[in-house]
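Descriptive analysis of the structure
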Amino acid sequence: MGVRRGALIVLEGVDRAGKTTQCKRLVQALRDSGKEAEMMRFPDRTTMIGQLISSYLEKKSNLEDHTVHLLFSANRWEQVPLMKKKLEQGISLVVDRYAFSGVAFTSAKPGFSLEWCQNPDVGLPKPDLVMFLQVNPAEVAGRGGFGDERYETSVFQRAVQQKFEQLIKDPSVNWKVIDAARSIEDVHTEIKTLSENAINIAENQPIGELWK
Ligand code: ADP
Ligand code: 2DT
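Conventions and cut-offs
Residues numbered from 1 in each chain as written. Chains lettered and ligands numbered in written order. Predicted model: local features only at pLDDT ≥ 70, side-chain atom pairs only at ≥ 80, totals over all residues. Heavy atoms only, no water. Near = heavy atom within 4 Å. Polar contact = N/O pair within 3.5 Å; in protein donor to acceptor, adjacent residues only side chain to side chain. Areas by Shrake-Rupley, 256 points an atom, 1.4 Å probe, with all protein chains shown as cover. Helix = DSSP H or I, 4+ residues; strand = E, 2+ residues; numbered from the N terminus. Nonpolar A, V, L, I, M, F, W, Y, C, P; charged D, E, K, R; others polar. Contact = heavy atoms within 4.5 Å. UniProt positions renumbered as here; feature names shortened; annotations may be inferred. Salt bridge = Lys/Arg side-chain N within 4 Å of Asp/Glu carboxyl O. Buried < 20%, exposed > 50% of the residue type's maximum accessible area, 1.4 Å probe, protein only. Phe/Tyr/Trp six-rings, centres within 6.5 Å; stacked < 30°, edge-to-face > 60°.

**A look at the site of ligand 2**
Around ligand 2, the surrounding shell consists of R41, F42, P43, R45, L57, F72, R76, R97, S101, G102, F105 and Y151. The side chain of R76 places a nitrogen or oxygen atom 2.8 Å from an oxygen atom of ligand 2. G102 has a polar backbone atom sitting 3.4 Å from an oxygen atom of ligand 2. With the chains in place, 90% of the 470 Å² that ligand 2 exposes on its own is no longer accessible. With three residues, the single largest contributor to the shell around ligand 2 is helix α5 (residues 99–107). Residue classes in the shell around ligand 2 are distributed as six nonpolar, two polar and four charged.

**Some points on the environment of S172**
Along the polypeptide, S172 turns up in the loop between α8 (154–167) and β5 (175–179). Each C-alpha atom of the pair S172 and D65 lies 27 Å from the other, and the pair is 107 residues apart in sequence. Residues within four places of S172 in sequence aside, it is in contact with K126 and W211.

**With respect to the UniProt feature "domain: Thymidylate kinase-like" (unreviewed entry) in the protein chain**
In the numbering used here, UniProt assigns the "domain: Thymidylate kinase-like" (unreviewed entry) feature to residues 11–191. Annotation note: span residues 11–191, helix share 48%, strand share 13%, distance between end C-alpha atoms 9 Å.

**Focus: the pattern of salt bridges**
Enumeration over the complete set of coordinates arrives at twelve salt bridges. Here D128 makes a salt bridge to R5, at a shortest N to O gap of 2.9 Å. You can see D128 sitting in the loop between α6 (114–118) and β4 (129–134) and its partner R5 sitting in the segment before β1 (8–12), a full 123 residues away along the chain. Taking relative accessible area as the criterion, D128 reaches 15% and is therefore assigned buried. Here K86 makes a salt bridge to E38, at a shortest N to O gap of 2.7 Å. Here K86, found in helix α4 (residues 80–88), pairs with E38, found in strand β2 (residues 37–41); they are 48 residues apart in sequence, far enough to count as distant.

**Notes on the environment of F164**
Mapped onto the fold, F164 is located in helix α8. Among the residues examined, F164 registers a relative accessible area of 0% and is labelled buried. Distance from F164 to S107, taken between C-alpha atoms, is 9.9 Å for residues 57 residues apart in sequence.

**Quick notes on the packing of aromatic side chains**
Evaluation of the coordinates by the stated rule reveals eleven aromatic pairs. On the numbers, 5.4 Å between centres and 55 degrees between planes, the contact of F105 with Y151 is tilted. Of the two residues, F105 sits in helix α5 while Y151 sits in the loop between α7 (137–140) and α8, which places them 46 residues apart along the sequence. What makes F105 buried here is its relative accessible area of 11%. The exposure class of Y151 is buried, given its relative accessible area of 13%. Judged by centre distance (5.0 Å) and plane angle (50 degrees), the ring pair of F132 and F164 falls under tilted. Highlighted residues: F132 in strand β4 and F164 in helix α8, separated in sequence by 32 residues. According to the relative accessible area criterion, F132 is buried, its value standing at 0%. Taken together through their ring pairs, the aromatic side chains of F42, Y98, F100, F132, F164, W175 and W211 make up a single cluster.

Structure (structure tokens):
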């Protein structure tokens, strides 16, 4: 019998919802229970495409809105061979943002339909589980202010939140909405249980294709 594949697990949510904190905790917990797991994040700022994106986010450069959307998508596609290799080796991938952030952020700009935004990401490895860390802006106000990067304003984040709410209605994706206003520990416990279930189910299934 071949190696059982790992699961592709994605965490999404607005700024300061706790995505990075929970991704790290989840990878550690999975490893502690003897499972192979690695963290990834998008944008991956380390590649050549990622450096263009990073400079844009830091407002050191300007890029036309369609162009930067396609660069974010290309930044995922360039990791696909490595992602598939790891999943097939039995390593579960815990990913901080994915195509859903791509669609939510660009479609929050004027003149962009959800469909146009989804197109470049059609066919990416489909997550076995996407957890949306749900918080309202008042609840996370105590977690620190906004940074200086592009998109880090309360007006834009509210528009992004509305787009996420539309995306969550898509039944072709295995969305779970998590109440992320609770303690780090309580949120982690729920995320760990959902992830272990997803890993058990995924190991007997082929990797799917997103939005196809
Ligand atoms: P994100 O990656 O979604 O932007 P982070 O994981 O970086 O969010 O968390 C943002 C800040 O909020 C960090 O200082 C983190 O320690 C804190 N934080 C994360 N989760 C919680 C929580 N459940 N309760 C209180 N503070 C939290
Ligand atoms: P962080 O590195 O702090 O998560 O911020 N974004 C992200 C997009 O606009 N499109 C995408 O495809 C992705 C993955 C979200 C990255 C910022 O970039 C936005 C916040």
